[in-house]
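Examination of the molecular architecture
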Amino acid sequence: MTEHVLTELHDHTLTVRLNRPDRKNALTHEMYTALGDAMEQAEQNDQVRCVLFCGNEDCFTAGNDLGEFARGLPGAFRETPVGRFLFLLASATKPVLAAVNGPAVGIGTTMLLHCDMVVAGNNTRFLMPFTNLGLSPEGGSSLLLPDWLGRVRAAELLMLGDAFTAEEAKAMGLINRICPPEDTENQARVLCDRLSAQPPAAIRATKEMLNRATRDSLKETMLAEGERFAERLQSDEAAEAFAAFREKRKPDFSRFS
Ligand code: COA
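Residues numbered from 1 in each chain as written. Predicted model: local features only at pLDDT ≥ 70, side-chain atom pairs only at ≥ 80, totals over all residues. Heavy atoms only, no water.

Some thoughts on helix H3 (residues 81-90)
- Across the 10 residues of H3, seven count as buried, placing the element largely inside the fold.
- Within H3, the full set of buried residues consists of Pro81, Val82, Gly83, Phe85, Leu86, Phe87 and Leu89. (Buried < 20%, exposed > 50% of the residue type's maximum accessible area, 1.4 Å probe, protein only. Helix = DSSP H or I, 4+ residues; strand = E, 2+ residues; numbered from the N terminus.)

Below, the structure is given as structure tokens:
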């Protein structure tokens, strides 16, 4: 149990709220455990027809807690809280939606690739700064992004790690709707209510078919990404990036070969 992830079931929608505002909703092992538990609850509870992830009007999430990153992964990727959460998310049988605002960093963007619909506030900044941190892609992004956007656009996003806006995300087909930050959750809830009113088995069958082509390769990729990511967390490049974040300075990668 953590107060940093709040869940609430209302009208068949399980709302899962990231709630660590003083750290920009940066995700800890404890929070990933709660997120994984929420996904299991959603699968098991017949009352749940939809899952909605949200943060607050200023921030979805700053991604993984960088302090915890610096200590490495606690065990083999698949068994870690983040690995468990990502696999549960990727294999969810019910619709998963997200309402995002402000920074959606790292896994805050890659987890959206597993959502069925995404509503973003016009203040959203998507960002996958893996290489900037000496790391490599996670969350299936190295498979899904080239598949959906084309190889060169995926390479630009994943290698340069530049932020992109809600407008750009919509143009790339990564999100459904853009609205003022104060409307994001309501607009996502309208979609959840509409989905919950649909025949549930037909929705599950549709989701299964949408995921079918990438299901097996996605699992394989996520495992490979997780192993490589764990190695990168122990690298000198990552150590320099984490130290730079702590010291509020730019990282210097010039000495690495
Ligand atoms: N892990 C741990 N702490 C984090 C964090 C993270 N991922 N992101 C932000 N925080 C902390 C900051 O250190 C700061 O703490 P302080 O008040 O003790 O200095 C606090 O949260 C507020 O963050 P701040 O940077 O002041 O907010 P901002 O609005 O100026 O910027 C971000 C927001 C998300 C753009 C910026 O915090 C950021 O780039 N964070 C790191 C994101 C990241 O690299 N994540 C890993 C992805 S793989």
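Brief notes about the nonpolar core
- Leu35, Phe53, Leu112, Phe126 and Leu135 are the most contacted members of the largest nonpolar core, which has 61 residues in total.
- The element that contributes the greatest number of residues to this core is helix H1 (residues 29-44), accounting for seven residues.
- When neighbours within four sequence positions are excluded, Leu135 is seen to be in contact with Phe69, Phe130, Phe229, Arg232, Leu233, Ala238 and Phe242.
- Cys50, Ala188, Leu191 and Cys192 belong to the second largest nonpolar core, which has 12 residues in total. (Core = buried A, V, L, I, M, F, W, Y, C linked by side-chain atoms within 4.5 Å. Contact = heavy atoms within 4.5 Å.)

What to know about the side chain of Arg20
- By the element assignment, Arg20 lies in the loop between strand E2 (13-18) and H1.
- Taking the relative accessible area as the measure of exposure, Arg20 reaches 13% and is therefore buried.
- Of the polar contacts made by the side chain of Arg20, one reaches the side chain of Asp65; its length is 2.8 Å.
- Beyond its immediate sequence surroundings of up to four residues, Arg20 is in contact with His4, Asn25, Ala26, Thr28, Met31 and Asp65. (Polar contact = N/O pair within 3.5 Å; in protein donor to acceptor, adjacent residues only side chain to side chain.)

None of this, on its own, says anything about what the molecule does.
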